[in-house]
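Single-letter residue listing:
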Amino acid sequence: MNLYKKRLKLVRGKGVYVWDENGNKYLDAIAGIGVAILGHSNEELAIAINEQMKKLVVAGPMFHHEEKDEALEELSKFLSFEYAYFGNSGTEAVEAALKFARLYTGKKEIIAMTKAFHGRTFGSLSATWKKKYRGGFEPLVPGFKHIPFNNIEVAKEAITKETAAVIVEPIQGEGGIIPAKEEFIKTLRDLTQDNEALLIVDEVQSAFRSGKFLAIEHYKIQPDIVTMGKGLANGIPIGLTLTNFDIPRGKHGSTFGGNPLACKAMATTLKILRREKLIEKAKEKDIIIEGDKVIMTRGKGLMLGVLLKENAGKYVEKLQERGLLVNTAGNRVIRLLPPLIITKEQLLWVKETIEGVLNG
């Protein structure tokens, strides 16, 4: 949905800032919907990508290459999963997870949440909730059903021996930046184990931002499958599906998935995140927006939503006019997904700018 009367044409970026064709400067607090976690035009990443372009860009899924080893080695310093399947986006990562769940369990039913967003391809769209995304594409993939997010009693009734998997975002993104309740996540883990189903955790948007590498780490449970994408390579297209069980060769693949260029970008991004401790610092940088029109600020770290008493869309352009780029998550939520490199001073300016527009 285009929230602007006229779409902004961006021509360059540096750090947390971008510039339009007229030379106007903006603080980018949406970062490509959470993609530019290191900010724009990171020099170390640019050098690494440039050198990789001169060396090897594609290899094909039938070959291995050292850049994939490097990416997985960097990943292992944050996470412990036995298998990693590469794609090119978050929705591809979710597609792989859904396929793996059906293949591994031999069952068909997938349970997703109300307000969930998992992507726009047919499988991930079937797990996505909003009619505005699904409309016009039915019939979607059969076997999917939705239950209320954070509702334990309904989950207990819905998850049965017929269930192949439950897919959940630890912090719902498009649904309005809504964190899952700890008891709800732990109940999903218990119910899926009791019914020989898999728990898929979608971290495409929530990874890196909550003060933990994965937001699910706050809940101290181990999912069966994790999906990632967005900021994993700071703008180079990539998707990742992590499991502790293998999928037979030939059952899933991707021409471009795990190519040397994307893997080099992923390895470099993770190296910078670890060295600069940007993930740990994210939990210290959250802000609370206040005012008569604000119900609450929710989320974790640098994945924040400002829930308003009225429609949030009309404030997007007003904030753009003040030099701040944001977008919405649902009708009444201003979504903030700034680069992890943003300073406390810059965040204070974001807070003051939003409050000034809301209360002006």
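Located above this text is the structure these notes cover.
Applying the stated criterion to the full structure yields six aromatic pairs. Seen from their ring centres, Phe117 and Tyr133 are 5.1 Å apart, and the 65 degrees between their planes marks the pair as edge-to-face. Taken together, the positions of Phe117 in the loop between strand 5 (109-113) and helix 5 (122-127) and Tyr133 in helix 6 (residues 131-134) put the pair 16 residues apart, joining distant regions of the chain. Ring-pair connections join several aromatic residues into one group, and the members of that group are Phe78, Phe208 and Phe213. Positioned above the aromatic ring of Trp19, the side-chain terminus of Arg12 is 4.0 Å from the ring centre. The cationic tip of Lys25 hangs over the ring face of Tyr17; the distance from NZ or CZ to the ring centre is 4.1 Å.

In this section: the packing of helix 11 (residues 313-321) against helix 12 (residues 344-359). Relative orientation of the contacting elements helix 11 and helix 12 amounts to 125 degrees, with a least axis distance of 10 Å. Taken together, the axis directions place helix 11 and helix 12 in an arrangement best described as oblique. Between helix 11 and helix 12 the crossing geometry is right-handed. Packed against helix 11, whose contacting residues are Tyr315, Lys318 and Leu319, the element helix 12 presents Thr353, Ile354, Val357 and Leu358 at the interface. Taken together, the residues of the contact of helix 11 with helix 12 break down into five nonpolar, one polar and one charged.

Another point: empty space enclosed by the protein. In the structure shown here, the tally under the stated rule is four cavities of 30 Å³ or more. What lines the largest cavity is a set of 13 residues, and nearest its centre among them are Ala59, Gly60, Gly257, Gly258 and Asn259.

Residues lying three or four places apart along an α-helix face the same way, a consequence of the helix completing one turn every 3.6 residues. Turning to helix 11, its buried residues are Gly313, Tyr315, Val316, Leu319 and Gln320. One face of helix 11 carries all of its buried residues, which in axial projection span an arc of 145 degrees. For helix 11, the secondary structure elements touched by its buried residues are strand 3 (25-28), strand 14 (303-308), strand 15 (324-325), strand 16 (327-328), strand 17 (333-336) and helix 12.

This next bit is on unusual backbone geometry. The linkage connecting Glu138 with the following residue, Pro139, adopts the cis geometry, with an omega of 0 degrees. Among the secondary structure elements, Pro139 is positioned in the loop between helix 6 and strand 6 (144-147). Positioned with a positive phi, Ile177 is a non-glycine residue whose angle comes to about 55 degrees. For Ile177, the position within the fold is in the loop between strand 8 (171-172) and strand 9 (178-179). Positive phi, close to 55 degrees, is recorded for Glu196, a residue that is not glycine. Note on placement: Glu196 falls in the loop between helix 8 (182-194) and strand 10 (198-202).

As summarised here, the arrangement of the seven strands in space is 4-12-11-10-7-5-6, forming an open sheet in which the pairing is mixed. Here the strands that pair on one side only, and so sit at the sheet edges, are strand 4 (83-87) and strand 6. The mean angle between the axes of side-by-side strands here comes to 20 degrees, regardless of whether they run parallel or antiparallel. Note that strand 7 (residues 163-168) and strand 10 share four bridges and pair parallel. Paired with Ile167 across the two strands is Ile200, which belongs to strand 10. Lying on the sheet, helix 4 (residues 90-105) is in contact with strand 4, strand 5, strand 6, strand 7, strand 10, strand 11 (225-228) and strand 12 (239-243); it crosses strand 11 at an angle near 165 degrees. Along the sheet face, helix 8 touches strand 5, strand 7 and strand 10 and points at about 165 degrees away from the line of strand 7.

Let us look at the sheet that holds strand 15. Strands sit in the order 1-2-3-15 across an open sheet of four strands; the sheet is mixed. Since the sheet does not close on itself, it has two edges, and those belong to strand 1 (10-14) and strand 15, each with one partner. Taken together, the three bridges between strand 2 (residues 17-20) and strand 3 define a ladder with antiparallel strand orientation. Opposite Val18, over in strand 3, you have Tyr26 as the bridge partner.

With that settled, consider the nonpolar core. By size, the foremost hydrophobic cluster in this structure holds 79 residues, and its most contacted members are Phe208, Met228, Met266, Ile334 and Leu336. Grouped together as the second largest cluster of nonpolar side chains are 19 residues, Tyr85, Phe144, Ile167 and Leu198 included.

What the largest pocket holds in volume is close to 1,200 Å³. Considering the residues around the largest pocket, the lining is formed by 47 residues, among which Ile33, Arg120, Glu174, Asn327 and Arg335 are closest to the centre. Mapped by element, the contributors of at least two residues to the lining of the largest pocket are helix 1 (31-34), helix 4, helix 6, helix 11 and strand 16. Here the residues of the lining of the largest pocket sort into 19 nonpolar, 18 polar and ten charged. Taken as a whole, the second largest pocket spans an internal volume of roughly 580 Å³. As for the second largest pocket, its lining consists of 19 residues, of which Pro61, Lys68, Tyr85, Arg249 and His252 are closest to the centre. The element that contributes the greatest number of residues to the lining of the second largest pocket is strand 4, accounting for four residues. The class makeup of the residues in the lining of the second largest pocket is nine nonpolar, six polar and four charged.

The rules we used
Residues numbered from 1 in each chain as written. Predicted model: local features only at pLDDT ≥ 70, side-chain atom pairs only at ≥ 80, totals over all residues. Heavy atoms only, no water. Phe/Tyr/Trp six-rings, centres within 6.5 Å; stacked < 30°, edge-to-face > 60°. Helix = DSSP H or I, 4+ residues; strand = E, 2+ residues; numbered from the N terminus. Lys NZ or Arg CZ within 6 Å of the ring centre and 35° of its normal. Axes fitted to C-alpha atoms, helices over the stretch in contact; angles between N-to-C directions. Parallel < 35°, antiparallel > 145°, perpendicular 65-115°, else oblique. Left-handed = near helix turned anticlockwise from the far one by under 90°. Contact = heavy atoms within 4.5 Å. Nonpolar A, V, L, I, M, F, W, Y, C, P; charged D, E, K, R; others polar. 1 Å grid on protein atoms, 1.4 Å probe; cavity = no way out; pocket = protein on both sides within 12 Å on 5 of 7 lines; lining within 4 Å. Points joined across faces, edges and corners; volume = space filled by probe spheres on them. Buried < 20%, exposed > 50% of the residue type's maximum accessible area, 1.4 Å probe, protein only. Arc of directions from axis to C-beta. Pairing = 2+ DSSP bridges. Core = buried A, V, L, I, M, F, W, Y, C linked by side-chain atoms within 4.5 Å.

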